[in-house]
Amino acid sequence: RDAFANIMQMFDAAVQKVAELDEPEELNPIRARILREAAELEAQGLSVETARRQAGFRVFGAKPGAYGAGLQGLIDSRDWQGDADLARAYLNWGGYAYGQQVYGEAQRERFAQRLGELQAVVQNQDNREHDLLDSDDYYQFQGGMTAAVRHLSGVQPAILFGDHSDPLAPRIRTLAEEVSRVMRARVTNPKWIDGVKRHGYKGAFEMAATVDYLFAYDATTGVVRDDQYASLTDAYLNDPATCEFLRQHNPDALLEIGERLLEAIQRGLWAEPGDYREQIEEHLLAAEQHLEESS
């Protein structure tokens, strides 16, 4: 919206151009859908021009001047119960239409209608400088859209990740495959863990943030497996050296990691934790005692 407004308008122009082609429905589903929806809006009392304009909205985003998808506050505060809460936040934040003749017009109902008809949610990434578990933006936008689609349609959409870091050899993976790749390559990789330990407090913070983002992706998409939660617990909490690093350099991060893993169990995201629940509770108790002794 801010950096590539011309691309946003170009996309809208393409949609409207296709919609104006005089072609049958089987060849031009965009035109058929827009004409059908415009007729429905006219029947509801909108003018011909307004109905056509709203039926053609295909680009949505946050309100002008606002950023994000509205989920971070819910995840951080733990003030949510299920898809309805997550979807409501995503719709409220992202329901503003953009295009050639419109800039941030509130269109929550049209946005909800588009989402309810989606069959796939795709997130593209065009570099290797970071991955989907070291920024909250990924789970907010892809996860938020997935939760909204699931809530509005009643069906879990296909969730895909487009790796365009090499433009000559793009790869499409399922989100579950990409999460597995990142878990092995970075999150539980001893080399990465040893690397962040060199950064002391900030390194511990990055570990805690990674756990937050993994949890949030699972809360919104349901793609994280029990064994992945277990491997994370083994790498961060059950490994004596790493747990001691967290305790010494950032006990708050240690506490946050334990609380987030326990929340995954309590919410049923980590369905069968076995003995891990007791282990996590023991780590939490030790972390709380350490903080009390340090204060």
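Let us look at the structure shown here. (Residues numbered from 1 in each chain as written. Predicted model: local features only at pLDDT ≥ 70, side-chain atom pairs only at ≥ 80, totals over all residues. Heavy atoms only, no water.)

## Remarks on a negative patch on the surface
Taken together, the side chains of Glu259, Glu288, Glu292 and Glu293 make up a negatively charged region of the molecular surface. If one sorts the elements of the negative patch by residue count, helix 14 (residues 276–294) sits on top with three residues. (Patch = residues over 30% accessible without salt bridge, like charges linked within 9 Å, V, L, I, M, F, W, Y side chains within 5 Å. Areas by Shrake-Rupley, 256 points an atom, 1.4 Å probe, with all protein chains shown as cover. Salt bridge = Lys/Arg side-chain N within 4 Å of Asp/Glu carboxyl O. Lys, Arg positive; Asp, Glu negative; His and termini not counted. Charge placed at Lys NZ, Arg CZ, Asp CG, Glu CD. Helix = DSSP H or I, 4+ residues; strand = E, 2+ residues; numbered from the N terminus.)

## Side note on the pairing of strand 5 (residues 158–163)
Sheet topology places strand 4 (residues 120–125) next to strand 5; six bridges connect them, and they run parallel. If you follow Asn124 over to strand 5, its bridge partner there is Gly162. Since strand 4 and strand 5 lie parallel, the crossover through helix 7 (residues 136–153) that links them has a hand, and here it is right-handed. Alignment of strand 5 against strand 6 (residues 171–174), held across four bridges, turns out to be antiparallel. Paired with Phe161 across the bridge in strand 6 is Arg173. (Pairing = 2+ DSSP bridges. Right-handed = clockwise from strand over helix to strand, strands pointing away.)

## Describing the packing of aromatic side chains
For the structure on display, the rule yields six aromatic pairs. Judged by centre distance (5.0 Å) and plane angle (90°), the ring pair of Tyr98 and Tyr103 falls under edge-to-face. The class for Tyr98 is buried, based on a relative accessible area of 1%. On the basis of relative accessibility, which here comes to 48%, the residue Tyr103 falls in the partly exposed class. (Phe/Tyr/Trp six-rings, centres within 6.5 Å; stacked < 30°, edge-to-face > 60°. Buried < 20%, exposed > 50% of the residue type's maximum accessible area, 1.4 Å probe, protein only.)

## Observations concerning the sheet that holds strand 2 (residues 96–98)
Spatially, the three strands line up as an open sheet ordered 1-2-3, and their pairing is antiparallel. Each having just a single partner strand, strand 1 (59–61) and strand 3 (103–106) make up the two edges of the open sheet. Neighbour-to-neighbour, the strand axes of the sheet open up by a mean angle of 40°, direction not taken into account. With three bridges joining them, strand 2 and strand 3 adopt antiparallel strand pairing. Note that in strand 3 the partner of Tyr98 across the bridge is Tyr103. (Axes fitted to C-alpha atoms, helices over the stretch in contact; angles between N-to-C directions.)

## Some thoughts on the side chain of Thr146
Following the sequence through the fold, Thr146 ends up in helix 7. Excluding residues that lie within four positions of it along the chain, Thr146 makes contacts with Val121, Gln156, Pro157, Ile159, Thr220 and Thr221. (Contact = heavy atoms within 4.5 Å.)

## What about the side chain of Arg31?
For Arg31, the location among the structural elements is in helix 2 (residues 29–43). Of the side chains with opposite charge, Asp22 comes closest to the buried, unpaired Arg31, at an N-O distance of 4.1 Å. Reaching out from Arg31, the side chain makes a polar contact with the backbone oxygen of Leu21 at a distance of 3.1 Å. Non-local contacts of Arg31, meaning those with residues more than four positions away in its chain, are made with Val18, Ala19, Glu20, Leu21, Asp22 and Glu23. (Polar contact = N/O pair within 3.5 Å; in protein donor to acceptor, adjacent residues only side chain to side chain.)

## Description of the nonpolar core
Leu132, Leu133, Met207, Tyr236, Ile257, Leu261 and Trp270 are the most contacted members of the largest nonpolar core, which totals 70 residues. The dominant element in this core, judged by the number of residues it contributes, is helix 10 (residues 200–221), at eleven residues. With residues near it in sequence (within four places) discarded, Leu132 still touches Gln125, Tyr138, Phe161, Leu175, Glu178, Val179, Val182 and Tyr217. Core analysis: the next-biggest nonpolar cluster, separate from the first, contains five residues, Val15, Ala19, Ala38 and Ala55 among them. (Core = buried A, V, L, I, M, F, W, Y, C linked by side-chain atoms within 4.5 Å.)

## Section: helix 10
Between its first and last C-alpha atoms helix 10 spans 32 Å; for 22 residues at 1.5 Å apiece the expected length is 32 Å, and the two agree. Burial of helix 10 is extensive: 18 of the 22 residues sit out of reach of the surface. Taken from the residues just after helix 10, Gly222 is the one with a positive phi, measuring 75°. (Expected span 1.5 Å × (residues − 1).)

By themselves, these figures tell us nothing about what the structure is for.
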